[in-house]
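Each chain, letter by letter, is given below.
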Amino acid sequence: MSTNVRIGEGRLGILGGMGSEATAFFLRTLARRSRSTSDQHHVPFVLLSCPEIPDRSRAIEQGNPAVPAIIQMRLAQLEDIGCGAIAIACNTAHYWRGNFASALHVPMIDMVQATALHAARLGATKVIVLGTRSTMNLGLYDHALNDLNVQSIRVSDEIVDRTSVAIALAKSGNQDQAKEQLAHVVDACRSVNSDTIILGCTELSMLAASDATAADFVDSEVCLADACIRWWLARRGEDGNVGVSRSEESVNGA
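What comes next concerns the included structure.

As for the environment of Val129
Of note, Val129 is situated in strand S5 (residues 126–130). Note on Val129: relative accessible area 9%, which makes it buried. C-alpha of Val129 to C-alpha of Leu27: the two residues are 102 residues apart in sequence and 23 Å apart in space. Discounting chain neighbours no more than four positions away, the residues touching Val129 are Thr135, Met136, Tyr141, Leu145, Ser152 and Ile198.

Structural notes on the pairing of strand S2 (residues 45–49)
Pairing between strand S1 (residues 12–16) and S2: 5 bridges, direction parallel. Paired with Ile14 across the bridge in S2 is Leu47. Considered for its hand, the β-α-β crossover made up of S1, helix H1 (residues 20–33) and S2 is right-handed.

Structural notes on unusual backbone geometry
Cis geometry is adopted by the peptide bond preceding Gly19, which originates at Met18 and carries an omega value of 0°. Structurally, Gly19 is set in the loop between S1 and H1. Positive phi, normally seen in glycine, also occurs at Arg35, with a value near 55°. Assessed through its relative accessible area of 57%, Arg35 is described here as exposed. With a phi close to 60°, Asn149 is a non-glycine residue in the positive phi region.

Brief notes about the state of the cysteines
Tallying each qualifying case throughout the model produces 0 disulfides. Cys50 takes part in no disulfide bond, and the closest cysteine sulfur to it belongs to Cys90, at a distance of 12 Å. Between Cys83, a free cysteine, and Cys228, which holds the nearest cysteine sulfur, the sulfur-to-sulfur gap is 11 Å.

Regarding the packing of helix H5 (residues 111–121) against helix H11 (residues 220–236)
Contact geometry for H5 and H11: axes closest at 8 Å, N-to-C directions at 105°. Looking at the two axes, H5 sits roughly perpendicular to H11. Residue-level inspection shows Met111, Ala114, Thr115 and His118 of H5 in contact with H11, the latter providing Ser220, Glu221, Cys223, Leu224 and Ala227. The residue inventory of the contact of H5 with H11, partitioned by class, reads 5 nonpolar, 3 polar and 1 charged.

Conventions we followed
Residues numbered from 1 in each chain as written. Predicted model: local features only at pLDDT ≥ 70, side-chain atom pairs only at ≥ 80, totals over all residues. Heavy atoms only, no water. Helix = DSSP H or I, 4+ residues; strand = E, 2+ residues; numbered from the N terminus. Buried < 20%, exposed > 50% of the residue type's maximum accessible area, 1.4 Å probe, protein only. Contact = heavy atoms within 4.5 Å. Pairing = 2+ DSSP bridges. Right-handed = clockwise from strand over helix to strand, strands pointing away. Disulfide = S-S within 2.5 Å. Axes fitted to C-alpha atoms, helices over the stretch in contact; angles between N-to-C directions. Parallel < 35°, antiparallel > 145°, perpendicular 65-115°, else oblique. Nonpolar A, V, L, I, M, F, W, Y, C, P; charged D, E, K, R; others polar.

Treat this as a map of the structure, not an account of what it does.
This is the structure:
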C-alpha cells in the first residue's frame, strides 16, 4: 500500500474536542458499532480535536460569528488533508451545519438529520430533545423532525436548566452528580406526553450509556456513528445497512 498520499486520503474526518471525553466516547462507540472482526475492517479516520473552540451554545446566544468561523476553518483543514467525508462530534455545532456543508466539497455527515431519521424509523411521533440550552430553546432538531412528521415537544425551563447543569457537570468531570441531574431530567420528561427522548448532546450520550432500561431513548451519538459506518461501507462497496432497533440500542449501551 502506497504511503505517498495525504494523511487523510479517503478517510473519515472527525472534528471533536467539544468536549474531549465525549469525543473519546464517540470513538469507542464508532469502533464498537462497526462490528468488525479485524483491525483492517474498522472505519479509518483522522481526528482533529479542538477543545479550544469556545462554547457553541453561548456563541449562538450572543450571535458570535467567530465560533462558526473557527469550526469552518477546522473542517476545511480536514478536507485539505484528503478526508472523504467529515463528521462533527457535537450537536450544538450543527446549528451552523448548512453553512458548513455548503462550504465543503466532500460530504458532511449530518448528526441531526441522521438522528431524526432514526427516530422516525422507530415510529416516534412526539419527541423531547435534550441538549444544550441553545439546542433546546432554539429547536435545533425541529425542522428535521417536522419534515418527517415527528412533533418536537417543548419542555419547561426547569428541564432546560437541569439538562444544562448535567452537561456542565459532565464536562467538568463530575460524572456521578451529572448522572443524578440527568436522572431527574429523564423522570420529568417521562411525565410529559411524549414517546421518545433524543439525547441531543454527546455528554448526555456518555452519561446515559449504562442505562439499559432506556427503551425510549434515541442516542444522537449512536446515530452519528452508524451514519459514519454506512458512509464507509458504501465507499467500500459493501452493504451499508447499519442500525439497530431502539431496544438493541439501549442494551448495547452505545
